Amino acid sequence: MNDVLSSTQKKAHELANDNAPEGTLVVADKQTAGRGRMSRVWHSQEGTGIWMSLILRPDIPLQKTPQLTLLAAVAVVQGIEEATGLQTDIKWPNDILIHGKKAVGILTEMQAEEDRVRSVIIGTGINVNQEADDFPEELKEIATSLSLAAGEKIDRASVMQHILLSFEKRYRDYLTHGFTPIKLLWESYALGIGSELRARTLNGTFYGKALGIDEEGVLLLETKEGIKKIYSADIEMRSL
Ligand code: BTN
């Protein structure tokens, strides 16, 4: 556990380059340059959340790495429920929401060599004990914390422990039995499957009905032009 890091994700990349073994976990009490998806900033105040990055070295082809993001989301949902009793939902691919507000974000990054995975780094940011006023103005309406939802202070160590235990079980299961058991669990926690969505990707914005995820963990969107595979996007559910 580090008191302060610029980003646990950055540190984990450095350790992975230095051959750190699978299972190496980098944790910080505060990040000064926490990174979110799509080059966003991740607010990581001191003492309020869980900011951690896990190094994995799975022997899987590159196109299967999105599955690990979904596996991590399942482990987070289960770990939070076990530690706090709170029920959370997954918004594809990897946001964890409570009553529609974001409490957890997951950033999966990969180091690859030709077509093989060298390492996968799963960065998880969990808002645990923030008060409403701790969030910056632009996040106040869309972010929440476990303690705001539970109405009491939450023990960060217990949440982390339950998530890591759940991750370890799910990961072993995945390496032995493949993605299908994870896919079923993920779908049971997912919001918006069967609904109309807007998916903003780096290659444009697409509208359509979310059909589900495929065997690789990619979102299938039924658009007017046909079924489109969405690998990474910001999703907005549309009420029609
Ligand atoms: C998202 O945009 O939703 C993903 C946020 C991921 C934040 C976590 S906090 C721990 C790790 N270190 C980082 O710099 N980012 C991830």
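Residues numbered from 1 in each chain as written. Predicted model: local features only at pLDDT ≥ 70, side-chain atom pairs only at ≥ 80, totals over all residues. Heavy atoms only, no water.

> Give me the lowdown on helix α4 (residues 156-177), citing residues and values where you can.
Taking 1.5 Å per residue as the helical rise, α4 with its 22 residues ought to reach 32 Å, and the 31 Å between its terminal C-alpha atoms agrees with that figure. Within the sequence span of α4, burial applies to Ser158, Val159, Met160, Ile163, Ser166, Phe167, Arg170, Tyr171 and Tyr174. Buried residues along α4 sit against β2 (25-31), β3 (49-56), α2 (66-84), β7 (116-127), α3 (146-150) and α5 (180-189). For α4, the N-terminal capping position is held by Asp155, with its side-chain oxygen 3.2 Å away from the main-chain nitrogen of Ala157. Looking one or two residues past α4, Gly178 carries a phi angle of roughly 85 degrees, positive in sign. (Helix = DSSP H or I, 4+ residues; strand = E, 2+ residues; numbered from the N terminus. Expected span 1.5 Å × (residues − 1). Buried < 20%, exposed > 50% of the residue type's maximum accessible area, 1.4 Å probe, protein only. Contact = heavy atoms within 4.5 Å. Polar contact = N/O pair within 3.5 Å; in protein donor to acceptor, adjacent residues only side chain to side chain.)

> Quick one: what's the story with the environment of Trp186, residue by residue and with numbers?
Among the structural elements, Trp186 can be located in helix α5. Among the residues examined, Trp186 registers a relative accessible area of 0% and is labelled buried. Along the sequence, Trp186 and Ala72 sit 114 residues apart, while their C-alpha atoms lie 9.7 Å from each other. In this view, Trp186 contacts Leu70, Ala73, Val74, Ile90, Trp92, Pro93, Ile193 and Ile213; residues no more than four positions away in its chain are not counted.

> Which residues make up unusual backbone geometry, and what values go with them?
At Met38, a position not held by glycine, the phi torsion is positive, near 55 degrees. Note that Met38 resides in the loop between β2 and β3. For Met38, a relative accessible area of 30% puts it in the partly exposed group. Residue Ser39 is not a glycine yet carries a positive backbone phi of 60 degrees.

> Lay out the sheet that holds strand β12 (residues 234-237) with the relevant residues and their values.
Here five strands make up an open sheet; going across it, the order is β11-β10-β9-β8-β12 and the pairing antiparallel. Each edge of the sheet is formed by a strand with only one pairing partner; in this case those strands are β11 (226-230) and β12. Taking each pair of neighbouring strands and ignoring which way they run, the sheet shows an average axis angle of 45 degrees. Judged from the four bridges that link them, strand β9 (residues 204-213) and strand β10 (residues 219-223) form a sheet pairing that is antiparallel. Paired with Gly212 across the strands is Leu220, a residue of β10. (Pairing = 2+ DSSP bridges. Axes fitted to C-alpha atoms, helices over the stretch in contact; angles between N-to-C directions.)

> Break down the nonpolar core for me, citing the residues and quoting the values.
Formed by 52 residues in total, the largest nonpolar core has its most connected members in Leu68, Trp92, Leu146, Phe167 and Trp186. It is α2 that provides the largest number of residues to this core, a total of 10 residues. Setting aside residues up to four positions removed in sequence, Leu68 forms contacts with Leu56, Pro58, Ile60, Val120, Ile122, Tyr171 and Tyr174. Within the second largest apolar cluster, eight residues are counted, among which are Leu5, Ala20, Ala28 and Ile55. (Core = buried A, V, L, I, M, F, W, Y, C linked by side-chain atoms within 4.5 Å.)

> Just give me the short version of the packing of α2 against α5, but keep the residues and values in it.
The N-to-C vectors of α2 and α5 enclose an angle of 55 degrees; their axes lie 9 Å apart at closest approach. Our classification of the angle between α2 and α5 gives oblique. α2 and α5 meet at a crossing whose hand is left-handed. Judged by residue contacts, Leu70, Leu71, Ala73, Val74, Val77 and Gln78 of α2 engage Ile182, Leu185, Trp186 and Tyr189 from α5. In terms of residue class, the contact of α2 with α5 is built from nine nonpolar, one polar and no charged. (Parallel < 35°, antiparallel > 145°, perpendicular 65-115°, else oblique. Left-handed = near helix turned anticlockwise from the far one by under 90°. Nonpolar A, V, L, I, M, F, W, Y, C, P; charged D, E, K, R; others polar.)

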